[in-house]
Structures are given as structure tokens and as C-alpha cells.
Amino acid sequence: MPETGPSPIVLIGMMGSGKSTIGRLLAREAGLDFVDSDRELEQRSGAAIATIFDLEGEEGFRKREAAMLDELTQRRALVLATGGGAVLSQENRDRMRARGLVIHLEAPLEELRRRLSHDKTRPLLQGVDIDARVAGLLSERSPLYQECAHLSFVSGAASPKRMVKRILATPQVIAHLARSAQQ
Ligand code: S3P
């Protein structure tokens, strides 16, 4: 695990905004590691996110998520995809912003609804009207994503490959990778 190199590039945004797909590709292009905090949590606990919600409720999941983010944001040379609710806690927001370059992937509501309408795994989308839930979560969380992010990209129509190209061509990202690579 690298102990030098740039501080993490942290991807935030709604479920379905493309954090994992874009993150994996971005890491590959930039020569960084990729970690998805939810997948890491699942691997370490041996339980699916849905099972953690069942057994410990959302509160239990949020505690595990915060501990995982605390650890992962201290790593170097990494693209970190977070869960959509990572921004709900002030402490998470502060840590992500202070320790990394935070990029918000912003997908339009209609695109999110399209991508999430048949979701069978995300606990917050089961047994509810998905369209209404997604709209509610988006309006509740948009200000938090904006508060936490250093940069925002609209991740609607463009392919993941184009998105990564745009991200890597952005002066702040170039400066982040160059500046901290020397530390
Ligand atoms: C959540 C999003 C999920 C996962 C959990 C809760 C949320 O991650 O962390 O189901 O609160 O928005 P993705 O954003 O990767 O789907």
C-alpha cells in the first residue's frame, strides 16, 4: 500500500451517479489504486450492505461507514468511491474535504431515476416508491454534496471514458496530482 503520492481523490454523489465505474477507470488512467468504501466494508465484515442494514439498521451502517472513511481518507495514491450517504455526517464531510480532493459526480434526477428504477440491492430503495425516494434524497443531499466538493462534474450523458478524460484535463486535478506526487 503506497505511503507516498497524492492524497486521495474522493468521489461523492448520489447512488447511480457512476462513482464506482468512473472511479475505477480514473484510477487506472492516473496510475492510482481504487477502493470502493462499500465493497471494502463488505469484504472486511463478510456481510452485504443490505445485511448490515437488516441487522444493525441505518445507524449501525453509518458508524461502520464513518470508520471506513476515516481510515481510507488517510491513504495515499488512491481514488476512493464513497457511498451516496457519506456526506450526511459533518465529520465525514470535514475529513473528506481536509484530506483529499473531493469530486462530486452530479447526475440529473431523470438519469438517476432511470438507472435506479429496478434496483434490488440498495436498502434505501426497497419497498418504497423509487422515483419519489430518489427525488427526496437528491434534494436533501444536494447542498451537502456542494458543501463538501472541491469540484463538480455533471455525469449524465457522457460515457465514463469521456468523464475521466474531462476530470484528468481539469487544472485543479492536474495540480493535485503533480503537487502531491512530490510529497
Ligand atoms: C447509500 C448508498 C449506497 C450504500 C448504502 C447507502 C445512500 O452506496 O452506501 O446503500 O445512503 O445513498 P452507492 O452510492 O454506491 O449506491
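Read on for an overview of the structure.

What counts, and where the lines are drawn
Residues numbered from 1 in each chain as written. Predicted model: local features only at pLDDT ≥ 70, side-chain atom pairs only at ≥ 80, totals over all residues. Heavy atoms only, no water. Helix = DSSP H or I, 4+ residues; strand = E, 2+ residues; numbered from the N terminus. Expected span 1.5 Å × (residues − 1). Bend = angle between axes of the 7 residues up to and from the residue. Buried < 20%, exposed > 50% of the residue type's maximum accessible area, 1.4 Å probe, protein only. 1 Å grid on protein atoms, 1.4 Å probe; cavity = no way out; pocket = protein on both sides within 12 Å on 5 of 7 lines; lining within 4 Å. Points joined across faces, edges and corners; volume = space filled by probe spheres on them. Nonpolar A, V, L, I, M, F, W, Y, C, P; charged D, E, K, R; others polar. Near = heavy atom within 4 Å. Polar contact = N/O pair within 3.5 Å; in protein donor to acceptor, adjacent residues only side chain to side chain. Areas by Shrake-Rupley, 256 points an atom, 1.4 Å probe, with all protein chains shown as cover. Sits in = over half its atoms within 2 Å of the grid points. Axes fitted to C-alpha atoms, helices over the stretch in contact; angles between N-to-C directions. Parallel < 35°, antiparallel > 145°, perpendicular 65-115°, else oblique. Left-handed = near helix turned anticlockwise from the far one by under 90°. Contact = heavy atoms within 4.5 Å.

**Overview of helix α3 (residues 49-72)**
Taking 1.5 Å as the rise per residue, α3 with 24 residues should run 34 Å; its terminal C-alpha atoms sit only 18 Å apart, a clear shortfall. The sharpest bend along α3 reaches about 115° and sits at glutamate 56.

**Let's talk about the environment of serine 17**
Tracing the sequence through the fold places serine 17 in the loop between β1 (9-12) and α1 (19-30). Residue classification places serine 17 among the buried residues on the basis of a relative accessible area of 1%. Along the backbone, serine 17 and glutamate 111 are 94 residues apart, and their C-alpha atoms lie at a distance of 8.5 Å.

**Topic: the layout of surface pockets**
Size it by volume and the largest pocket reaches roughly 480 Å³. Residue lining of the largest pocket: 28 residues in total, with Met15, Asp38, Arg39, Gly83 and Arg122 positioned closest to the centre. Where the lining of the largest pocket is concerned, the elements lending two or more residues are α1, α2 (37-45) and α3. It is α3 that contributes the most residues to the lining of the largest pocket, six residues altogether. Among the residues making up the lining of the largest pocket, the classes are represented as nine nonpolar, ten polar and nine charged.

**Overview of the site of the ligand**
Contacts to the ligand come from 13 residues, most closely from Lys19, Asp38, Arg62, Arg122 and Arg141. The separation between an oxygen atom of the ligand and a polar main-chain atom of glycine 84 is 2.8 Å. Side-chain polar atom of arginine 141 to an oxygen atom of the ligand: 2.6 Å apart, as the coordinates give it. Out of a free accessible area of 380 Å², the ligand has 94% covered by protein chains. Its atoms largely coinciding with the cavity grid, the ligand occupies the largest pocket. Here the shell around the ligand gets three residues from one element, more than from any other, and that element is α3. Counted by class, the shell around the ligand contains five nonpolar, three polar and five charged residues.

**Structural notes on the packing of α3 against helix α4 (residues 90-99)**
α4 packs onto α3 with a crossing angle of 15° between their chain directions and a minimal axis gap of 10 Å. As far as their axial angle goes, α4 and α3 are roughly parallel. α3 and α4 meet at a crossing whose hand is left-handed. The segment α3 lies against α4, with Ala66, Leu69 and Asp70 engaging Asn92, Arg95 and Arg99. Classifying every residue of the contact of α3 with α4 gives two nonpolar, one polar and three charged.

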